[in-house]
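Notes for the structure review
If you want the building blocks of each chain, they are given just below.
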Amino acid sequence: MRADAERLEWIEIPGDHEVRAFAQAVREGLGASPKFLPCRFFYDEEGSRLFEAICELDEYYLTRAEREILEREAASLAARFTGPVTLIELGSGNAAKTRLLIEAFLRNGAELRYVPVDVCRTALQDSCRALLRDFPPLKICAVAAEYWHALKLLPPAAGRKLVLWLGSNIGNLDRPEAVRFLRCLAQDLGSDDRLLLGIDLRKEASTLERAYDDSQRVTAQFNRNLLARINRELGGHFDVSRFAHRAVYREDVGRIEMYLVSEARQTVRIDALDWEVAFLEGEEIHTENSYKYSFEEIDELADAAGLRIEARWLDRHSRFSLNLLRAVR
Ligand code: AVI
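Right, let's walk through the structure included here. The model shown is predicted, which means the values in this text are computed figures rather than measured ones.

Rules behind the numbers
Residues numbered from 1 in each chain as written. Predicted model: local features only at pLDDT ≥ 70, side-chain atom pairs only at ≥ 80, totals over all residues. Heavy atoms only, no water. Helix = DSSP H or I, 4+ residues; strand = E, 2+ residues; numbered from the N terminus. Contact = heavy atoms within 4.5 Å. Pairing = 2+ DSSP bridges. Axes fitted to C-alpha atoms, helices over the stretch in contact; angles between N-to-C directions. Near = heavy atom within 4 Å. Polar contact = N/O pair within 3.5 Å; in protein donor to acceptor, adjacent residues only side chain to side chain. Nonpolar A, V, L, I, M, F, W, Y, C, P; charged D, E, K, R; others polar. Expected span 1.5 Å × (residues − 1). Bend = angle between axes of the 7 residues up to and from the residue. Buried < 20%, exposed > 50% of the residue type's maximum accessible area, 1.4 Å probe, protein only. Core = buried A, V, L, I, M, F, W, Y, C linked by side-chain atoms within 4.5 Å.

This paragraph deals with the environment of Leu151. Residue position: Leu151 is located in helix 6 (residues 147–153). Separated by 37 residues in the primary sequence, Leu151 and Asp188 place their C-alpha atoms 9.5 Å from one another. Among residues more than four places away in sequence, those in contact with Leu151 are Phe181, Cys184 and Leu185.

The structure is reproduced here in structure tokens:
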């Protein structure tokens, strides 16, 4: 990375705040009834690697559908922007799909700065290294933080701003929180700035449940990694094989719910918390919600957040939507 040092700026909150936040979340979530763990803690190094593997799965159609839209629309999207552009991406991961947009902007001759935001430091470092190598004109300012912290850490944008929130990451926020977060984003959008929002659509339960409980069991491993992470970082003594993965679609609320289910009555010690957690046989830990949206729900979401939809694109099977929004002034 040294040779590219002048093209890379790095922003993060110093100290071990992420480990402390994890310890606090584990104490609170496993002490609650019913038990839960926040899904943002999926993404340590191993979790990010497993998520990348999920994105390659046939059953997990979201990534391919969004990629298909970006392949089709990247050039016309980039053409909407003139002058210098700052591309801010929330939850950038390996930035694989973002490359399509970066290429399109650079092809247009735009002076481009990329601001990836991700909670996983390693994923961020790896993606920055690869992007700097592959796109010599690109400047990057990386922000290692979770979403809410990141909003306070973002550098001032040069030129027009395009905020990317892809992959239906918004689906992991409860609907009211999604509105609150979008409202904060909208406040920082000038009249020439835009938000590109990838949102997964409501569909039949069988397709959704296959996407979140795949035949190769990668999602099961991704889910169990939360317990493995407790073992690694907090001195937990979980036998992860004694917890089953469960994913269910609840049509009434329009969300996939993921759980880890204790297969036996058991007690697990967590050294760093000096604490023993008891599980009944069949007791569940709720680990993730992944909300799906109808077109009406997307319109309502935008409205409630002070945003207007300027364009909406779908993949050819109408499974996934990419929405271009601007702030209402
Ligand atoms: C990152 N997020 C949008 C994924 C989703 O679809 O909710 C996380 C995921 N969980 C299980 N598979 C993928």
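What follows concerns the sheet that holds strand 7 (residues 194–200). Each strand in a sheet pairs with another by means of backbone hydrogen bonds, the pair being arranged parallel or else antiparallel. Strand order in this open sheet of 8 strands is 1-5-4-3-6-7-14-13, and the pairing throughout is mixed. Since the sheet does not close on itself, it has two edges, and those belong to strand 1 (8–12) and strand 13 (307–314), each with one partner. Within the sheet, the average angular offset between the axes of one strand and its neighbour, ignoring direction, is 20°. One ladder, built from 5 bridges, connects strand 1 with strand 5 (residues 139–144); its direction is parallel. Each residue of the ladder has a partner; that of Leu8, found in strand 5, is Ile140. Sitting on the sheet, helix 3 (residues 61–79) is in contact with strand 6 (160–165), strand 7, strand 13 and strand 14 (320–327), with an inclination near 50° to strand 14. In the packing of helix 5 (residues 121–134) onto the sheet, contacts are made with strand 1, strand 4 (112–118) and strand 5, and the angle to strand 5 comes to roughly 175°.

This part covers the site of the ligand. In the region of the ligand, 14 residues are neighbours, and Tyr60, Asn172, Tyr212, Glu288 and Ser290 sit closest. Take Asn172: an N or O atom from its side chain is 2.8 Å from a nitrogen atom of the ligand. Glu288 places a polar side-chain atom, nitrogen or oxygen, 2.7 Å from a nitrogen atom of the ligand. Those elements that provide at least two residues to the shell around the ligand are helix 2 (45–55), helix 9 (218–234) and strand 12 (284–291). Classifying every residue of the shell around the ligand by side-chain character gives 7 nonpolar, 6 polar and 1 charged.

In a regular helix each residue adds 1.5 Å, so 17 residues correspond to 24 Å; helix 9 covers 24 Å between its end C-alpha atoms and thus fits that length. In helix 9, a bend of some 35° at Leu226 exceeds every other bend along the element. Counting buried residues in helix 9 gives 12 out of 17 residues, a clear majority hidden from the surface. All of the buried residues in helix 9 are Val218, Thr219, Ala220, Phe222, Asn223, Asn225, Leu226, Leu227, Ala228, Arg229, Ile230 and Leu234.

Before going further, it helps to spend a moment on the nonpolar core. Within the largest apolar cluster, 77 residues are counted, with the highest numbers of intra-cluster contacts made by Leu30, Leu196, Ile230 and Ile270. For this core, the element with the most residues is helix 3, which contributes 8 residues. Ignoring any residue separated from it by four or fewer positions in sequence, one finds Leu196 in contact with Leu70, Leu77, Leu101, Leu162, Val163, Leu164, Trp165, Leu166, Trp313, Leu322, Asn323 and Leu324. Ranked by size, the runner-up nonpolar core spans 35 residues in total, among them Val117, Ala150, Leu173 and Leu195.

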